[in-house]
Structures are given as structure tokens and as C-alpha cells.
Amino acid sequence: MRKKIIAGNWKMNKSFDEGMALVSELSNMIKDEYHGSAEVVIIPPSLYINSISRMTADFANISSGAQNCSNHSSGAYTGEISASMVKSCGGKYIIIGHSERRQYFGETNDWLAKKVDAVLTESLNPIYCVGETLEERESNVHFNVLKAQISEGLFHLSAEQMANVVVAYEPVWAIGTGKTASTEQAQEVHAFIRNLLREKYNETVADHLTIQYGGSVKADNAVELFSAPDIDGALVGGAALQSRSFADIVKAMA
Ligand code: PEP
């Protein structure tokens, strides 16, 4: 059975007090209302990871993580945080290569491959994001783009290392736009990614890989998305900023 993971990426939102209130409400909702086995990952601004991991320590299926990290382990890199710092604050997952990082901060597949290594060196789990722009989909090059993102960012890893990687398919045109990929479109890409893994590694690696979908996921489209055979959870942005809407997505997994 593949692990199902619902992760909420807060991006650069919420004051500390607002964030703690959200986590407190959310963890109570999940405790009372959700009895499934999916892992729920809270991905706040990094400053809050330590408090959140302490607050949720008694909740077996809730963990936390970071939105980015350096490819370096330590040193003179002002403003950066390392994977080991995330780990020391209780974080378990780190998003690598979110499309906003690729677009606004110039992160390339080669650079992201090094960040993936930095995360795995600390025995944490990268959530490696891939996704095409609208222009790329409309000009029918999206499979080539996705293949390059996957192969250049991940294919230097061993099969053993791949067991700790999560992939998130996030079509750029669906992030924060209210436009969700149809379940058929998402399933087609997830199956494509799984097949790339099958060709490069083996059936076990491909079958074990958790592939999340991200892009305007809400409670009302989550049930259908989660019914697709290759969609193993969601990476949620906007709807993760409210306890009720995020808890409803988690419940959709049940
Ligand atoms: C995201 O930021 O990864 C995301 C999917 O955002 P949204 O759910 O708001 O589209």
C-alpha cells in the first residue's frame, strides 16, 4: 500500500499567533473527524516549524516541514536554512522545487537535484514538485517538460533513496488560479510519472512512490481526484490556510 499524504503549504502567510491557532483547530478536527491513515503535513513558514512540531507531537498522523532549504549543509549563506536545521526543529518533509521557487528564484533542475540530496542526507523526505505552464501544455510539450524535471532532479538517486522521495504534480496553470486539472488530466500525468520511474528503476520503486496532486485542490474536488488510482494525496495551498477547508480535504481521503 502506498502512503497517502495531504500537505498544506502556507507559503508566506499567517502571523505566528494565527498559525498556532490554525494548527490547534486543525489538529482537533483531525483527531475528532478523521480516522484514516493518510499523513497530514503542515508546511508553515520555517520560523514556526519548531512550535508546530511540538504542538502536534501527540498526533501520530500529523507532521511538519519546510517550504525550501539550501543545498548546503551549513556555512556563510546569509538568509538560508539547511535541511539539518529543519530536522532539528522537528520537521520531516521539505518541499523542493515548488513552481514559485523555480519561477521567482531561478531554481533549476540541476540545483534542485542538489537540494534533494541535502534533504535525503538528513534522512528527511523531499516533496519534489514538477509541473508544466499553460503555454507548455497548450503547445503539447508538457510531457517533455515533466520528463526533464523528473530525470534531471531525481534520476541520480539510487532506488533505496527514491523510497524516501515524494513527488507532487502541480500544473503551474492550476496553482492559486481556481482552475483544477481534471481528474483525467491529473491521472494521465501521474501514471506517466510512475512509468518513468518504472523504466528507470523497477516496478517496486514505481509502485511505492507517493505522487501528490496540487493545484486549487478543495474539499469538493478532492474526493474525485483521490479516487484516481495514481493520485496519492494532495499538496494544498490556499485551502490549507483555514482549518475547516483543510480538514475537509483530509476527510476526503477517508
Ligand atoms: C501550491 O501552492 O502548491 C498550491 C497547489 O496552491 P493552491 O492550492 O492555492 O492552488
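Right above here is the structure, for reference.
This report concerns the structure included in the present document. (Residues numbered from 1 in each chain as written. Predicted model: local features only at pLDDT ≥ 70, side-chain atom pairs only at ≥ 80, totals over all residues. Heavy atoms only, no water.)

**Looking at the overall build of the protein**
Inference 1: Across its full length, the protein holds 12 helices and 8 strands.
Inference 2: Taken against the 2.2 N^0.38 rule, which gives 18 Å for 254 residues, the C-alpha radius of gyration of the protein at 17 Å falls within 12% of a compact globule.
Inference 3: If you line up the protein on its principal axes, its C-alpha atoms span 45 × 45 × 35 Å.
Inference 4: Going through the 254 residues of the protein one by one, you find that 53% of them count as buried.
Inference 5: Expressed as a percentage of contacts within the protein between residues at least 6 apart in sequence, the contacts between residues at least 24 apart total 71%.
Inference 6: In the structure as shown, the protein presents an accessible area of about 11200 Å², 51% of it carried by carbon and sulfur atoms. (Helix = DSSP H or I, 4+ residues; strand = E, 2+ residues; numbered from the N terminus. Rg over C-alpha atoms; globule rule 2.2 N^0.38 Å. Buried < 20%, exposed > 50% of the residue type's maximum accessible area, 1.4 Å probe, protein only. Contact = heavy atoms within 4.5 Å. Areas by Shrake-Rupley, 256 points an atom, 1.4 Å probe, with all protein chains shown as cover.)

**Notes on the environment of His98**
Inference 1: Along the chain, the position of His98 falls in the loop between β4 (93–96) and α4 (99–105).
Inference 2: Relative accessible area serves as the criterion here: at 5%, His98 is assigned to the buried category.
Inference 3: As a C-alpha pair, His98 and Leu154 span 56 residues in sequence and 15 Å in three-dimensional space.
Inference 4: With residues near it in sequence (within four places) discarded, His98 still touches Asn9, Lys11, Cys129, Glu170 and Ile175.
Inference 5: Among the polar contacts made by the side chain of His98, one reaches the main-chain amide nitrogen of Glu100 at a distance of 3.0 Å. (Polar contact = N/O pair within 3.5 Å; in protein donor to acceptor, adjacent residues only side chain to side chain.)

**With respect to the pattern of salt bridges**
For side chains of opposite charge, pairing can occur when their charged atoms come near one another.
Inference 1: Inspection of the entire model under this criterion finds 17 salt bridges.
Inference 2: With its nearest N and O atoms 3.9 Å apart, the salt bridge here joins Asp230 to Arg2. Residue Asp230 is found in the loop between α11 (219–226) and β8 (233–236), and its partner Arg2 is found in the segment before β1 (5–9); the two are separated by 228 residues along the sequence. Here Asp230 matches Arg2 in class, with each residue buried.
Inference 3: With a shortest N-O distance of 2.9 Å, Lys92 and Glu39 are connected by a salt bridge. (Salt bridge = Lys/Arg side-chain N within 4 Å of Asp/Glu carboxyl O.)

**Some remarks on the packing of α11 against helix α12 (residues 243–252)**
Inference 1: Packing of α11 against α12 brings their axes to within 8 Å, and their N-to-C directions diverge by 20°. Considering their axes alone, α11 and α12 lie roughly parallel with respect to each other. Crossing of α11 over α12 shows right-handed handedness. Contacts between α11 and α12 involve Ala219, Ala222, Val223 and Phe226 on the former and, on the latter, Asp248, Ile249 and Ala252.
Inference 2: Across the contact of α11 with α12, the residue classes break down as 6 nonpolar, no polar and 1 charged. (Axes fitted to C-alpha atoms, helices over the stretch in contact; angles between N-to-C directions. Parallel < 35°, antiparallel > 145°, perpendicular 65-115°, else oblique. Left-handed = near helix turned anticlockwise from the far one by under 90°. Nonpolar A, V, L, I, M, F, W, Y, C, P; charged D, E, K, R; others polar.)

**Side note on the sheet that holds strand β7 (residues 210–214)**
Sheets are built from strands paired through backbone hydrogen bonds, the pairs being either parallel or antiparallel.
Inference 1: Strand order in the closed barrel formed by 8 strands is β1-β2-β3-β4-β5-β6-β7-β8, with parallel pairing between adjacent strands. Direction aside, neighbouring strands of the sheet carry axes that sit 25° apart on average. (Pairing = 2+ DSSP bridges.)

**Side note on the site of the ligand**
Inference 1: For the ligand, the set of nearby residues contains 14 residues, the closest of which are Lys11, Glu170, Gly176, Ser216 and Gly238.
Inference 2: Between the ligand and Ser216, the relevant distance is 2.7 Å, taken from an oxygen atom to a main-chain nitrogen or oxygen of the residue.
Inference 3: Isolated, the ligand exposes 300 Å² of accessible area, and the fraction of that covered by the protein chains is 96%. (Near = heavy atom within 4 Å.)

**Examining the side chain of Ser70**
Inference 1: With respect to the secondary-structure elements, Ser70 resides in the loop between β3 (62–66) and α3 (83–88).
Inference 2: A distance of 2.8 Å separates a polar atom in the side chain of Ser70 from the backbone nitrogen of His72.

**Re the nonpolar core**
Inference 1: Counting 69 residues, the largest nonpolar core has Leu154, Ile193, Leu197 and Phe226 as its most contacted members.
Inference 2: Once you skip the residues sitting within four places of it in the chain, Leu154 turns out to touch Val116, Tyr128, Gln149, Met162, Val165, Val167 and Tyr201.
Inference 3: Val41, Ile43, Ile127 and Cys129 belong to the second largest nonpolar core, which has 11 residues in total. (Core = buried A, V, L, I, M, F, W, Y, C linked by side-chain atoms within 4.5 Å.)

No statement about biological role is implied by the geometric values presented.
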